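Chain by chain, the residues run as shown.
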Amino acid sequence: MRNFGLLPMIDGSKPPVLRDARQITLVGANGAGKTRFMKALMERLPGRAYYLSALSASFPEKKPSQLPGSVDDLYAERVRTKPYMRMDAVSELDKLGYMLVIDEFEHLLQLKARSLGGDVPVSDAPTRLDRLMALWQRIFPGSEILHEAGRLLFANDSGDDPVTALTLSQGEKAVFYYIAATLYAMPGAVIFIDSPTLFLHTAILNTLWNAIEELRPDCTFVYNTVDPDFVNSRTDNVCIWIRSYDAGLKAWDYSVLDYAHITDDLFVDIIGSRKPVLFVEGDASHSIDARLYTLVFSDFTVRPLGSCNKVIETTRTFSDLKRLHHLDSHGIVDRDRRTDSEVGYLRRKNIFVPDVAEVENIFLTEGVMRAMARLRGKDADRVVSRVKQNVIKQFSKQHAAQALQHVRHQMKRSVETKIDARFTCITALETHIRQLIDKLRPREIYNSLLQEFRQMIDTRDYGGILRVFNHKPMLTDSAVAPLLGYETAEQYIGGVIAALKRGGPAARELRLAIKNCFGLDMDGHSPLPSDDNVKKQDATAPGTAGFPFAPKREYEPRYKKNRKNRAGKRKNGATKC
């Protein structure tokens, strides 16, 4: 029987009942009350609760466990009832080793008695030591456990002499402890494991715990862990997210998660923090995004996801699932070549979009450059003036190519949207595609962008250029690094990161300058409207990105006229399939 009720809830609602539970994982932030939750569950299961912790298993115990059926309790019983049981064990690991040897000794005595004609029943099933030795060799190929002169020895194929359990590595001690202790759990036990990944290499985790669970199919395993990979490795898992504990009420704020909504480690990784979540592009080790935004948005748990589409989709998913986790979730994506309509749409979806084309351009904003110039003892006016001059010069050379790339982006989104319409036959689709060039009018948009970009150059609109200029080598071409005393652009980026890490006035100035790129103040507040306050007039493109296509604006009258003409043609049967 694996059904048992959970603990009181802060909101006073009826606690859930877990039915036929096989694997349970307790997750949550540090200090949220996971360990207290686990111990309270154990108190509600007298005679069934069985606690394991590899952290303390190999060290001398200050106070043996009082839980009925625990390793300490079993050892004490054997000391009382077995006159040949050694009494000098000081740790759970020692006690397990002694019990395994004594149990094996008694089994062999029974076999001898039967072989001499005695009427002694002896089980044909493998002993605990047999099962331990078999699983040990499965986890550590080439190694084996020997029993010699009343003690257990461990040997491997290195050629070294066998060693005692005391000289094993912490990982090997943990494996021995978990296997042996599980074998001694009472029938139908609920086995509580604190930090099941501690001391263990990731290469053996799944194999070990799958095999241990197979050893005891009659038991329920409850894991208290902060490792998202381990949570995902449990295939029959009930995940309980513990958010907080109220000592006065002796109740918890927790949820039994509908974990199937998210298939990777993301959900469990995020709920390990009580901060709001910020999804960003790139990866944790190489991209600028994660390194920079972790320091700028220190009140967030920053999680890099790779592509911008993944950031947008995940932010939307977490917002949809807020009833489960109650975390505020936001995203950051580069502006790239998105239109104002696209940017507005994303911002209303809790996705921050900077007023620069890409993350590298943040390091070229005037606020960041001035802060770094003061920090480096440079003339801030001279640095800013020279960099602006270089960036505008580069943009003047490439503005036509940049306009073309912007048009390409808009056409791609518009085509995706327009072809996604319903068509009654292939002829209608072909007719629609032939008319796309007139509907999309790429040259008209291109000429308009050219005029806009030329005006930016003529008026030296530096902020506008940073907003539309996607050019990865621009940090190098701008000469900002040597002007600030760095040899390379990478060193300049590293300098900004280091200044943010050190803290102080310079870090505060940098943080404010970068947040201003997102329309945020120092506290991270945004004047942007939310979806709740905006009429849902944005049409969105198909696919995972969820981008709206450009608003119709001056095209609206012509669009309505064309729609009316098409309706008339369909009525008169002009379009035949």
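Each value, and the rule that gives it
- Residues numbered from 1 in each chain as written.
- Predicted model: local features only at pLDDT ≥ 70, side-chain atom pairs only at ≥ 80, totals over all residues.
- Heavy atoms only, no water.
- Axes fitted to C-alpha atoms, helices over the stretch in contact; angles between N-to-C directions.
- Helix = DSSP H or I, 4+ residues; strand = E, 2+ residues; numbered from the N terminus.
- Parallel < 35°, antiparallel > 145°, perpendicular 65-115°, else oblique.
- Left-handed = near helix turned anticlockwise from the far one by under 90°.
- Contact = heavy atoms within 4.5 Å.
- Patch = residues over 30% accessible without salt bridge, like charges linked within 9 Å, V, L, I, M, F, W, Y side chains within 5 Å.
- Areas by Shrake-Rupley, 256 points an atom, 1.4 Å probe, with all protein chains shown as cover.
- Salt bridge = Lys/Arg side-chain N within 4 Å of Asp/Glu carboxyl O.
- Lys, Arg positive; Asp, Glu negative; His and termini not counted.
- Charge placed at Lys NZ, Arg CZ, Asp CG, Glu CD.
- Phe/Tyr/Trp six-rings, centres within 6.5 Å; stacked < 30°, edge-to-face > 60°.
- Buried < 20%, exposed > 50% of the residue type's maximum accessible area, 1.4 Å probe, protein only.
- Pairing = 2+ DSSP bridges.
- Core = buried A, V, L, I, M, F, W, Y, C linked by side-chain atoms within 4.5 Å.

Peer 1: Just give me the short version of the packing of helix α5 (residues 128-139) against helix α7 (residues 202-215), but keep the residues and values in it.
Peer 2: Between α5 and α7, whose axes approach to 10 Å, the crossing angle comes to 160°. Classified by the interaxial angle, the pair formed by α5 and α7 is roughly antiparallel. When you trace α5 past α7, the crossing you get is right-handed. Residues R131, L135, R138 and I139 of α5 form the contact with α7, whose own contacting residues are I204, T207, L208, A211, I212, E214 and L215.

Peer 1: Any details on a positive patch on the surface? Residues and values, ideally.
Peer 2: Taken together, the side chains of R376, K378, R382 and R386 define a basic patch exposed on the protein surface. Positionally, K378 belongs in the loop between α15 (366-376) and α16 (380-419).

Peer 1: Describe the packing of aromatic side chains, with residues and values.
Peer 2: Counted by the stated rule, this structure contains 23 aromatic pairs. A ring pair is formed by Y293 and F518, whose centres lie 5.8 Å apart and whose planes are at 75°; its orientation type is edge-to-face. A residue pair is termed long-range when its members are at least 10 positions apart, and Y293 in helix α10 (residues 288-296) and F518 in the loop between α24 (505-516) and α25 (556-571) qualify at 225 residues. By relative accessible area, which is 0% here, Y293 ends up buried. Relative accessible area serves as the criterion here: at 1%, F518 is assigned to the buried category. Residues F297 and F352 carry aromatic rings whose centres are separated by 6.2 Å and whose planes lie at 20° to one another, so their mutual orientation is stacked. One end of the pair, F297, is in the loop between α10 and β12 (301-304); the other, F352, is in strand β14 (residues 351-352), with 55 residues separating them in the sequence. For the pair shown, F297 and F352 are each scored as buried.

Peer 1: Explain the sheet that holds strand β7 (residues 190-194) to me, and be specific about the residues and the numbers.
Peer 2: Pairing is mixed in the open sheet, where six strands are placed in the order β4-β7-β8-β3-β9-β10. Strands at the two margins of the open sheet, each flanked by one partner only, are β4 (49-52) and β10 (251-256). When strand polarity is set aside, the average angle formed by the axes of neighbouring strands in this sheet is 25°. Direction of pairing for strand β9 (residues 237-246) relative to β10: antiparallel, over a ladder of six bridges. From the neighbouring strand, Y245 faces β10, where its bridge partner is W252.

Peer 1: Now, about the nonpolar core: what can you tell me, with residues and values included?
Peer 2: Formed by 65 residues in total, the largest nonpolar core has its most connected members in L292, I362, Y492 and F518. The biggest single contributor to this core is α16, with 10 residues. Core analysis: the next-biggest nonpolar cluster, separate from the first, contains 53 residues, I102, I145, A211 and F221 among them.

Peer 1: Describe the sheet that holds strand β13 (residues 329-332), naming the residues involved and giving the relevant values.
Peer 2: Ordered in space as β12-β11-β13-β14, the four strands form an open sheet in which the pairing is parallel. At either margin of the open sheet sits one strand with a lone partner, and together these are β12 and β14. The sheet contact formed by strand β11 (residues 277-280) and β13 spans three bridges and is parallel. Its bridge partner lying in β13, L278 is registered against H330.

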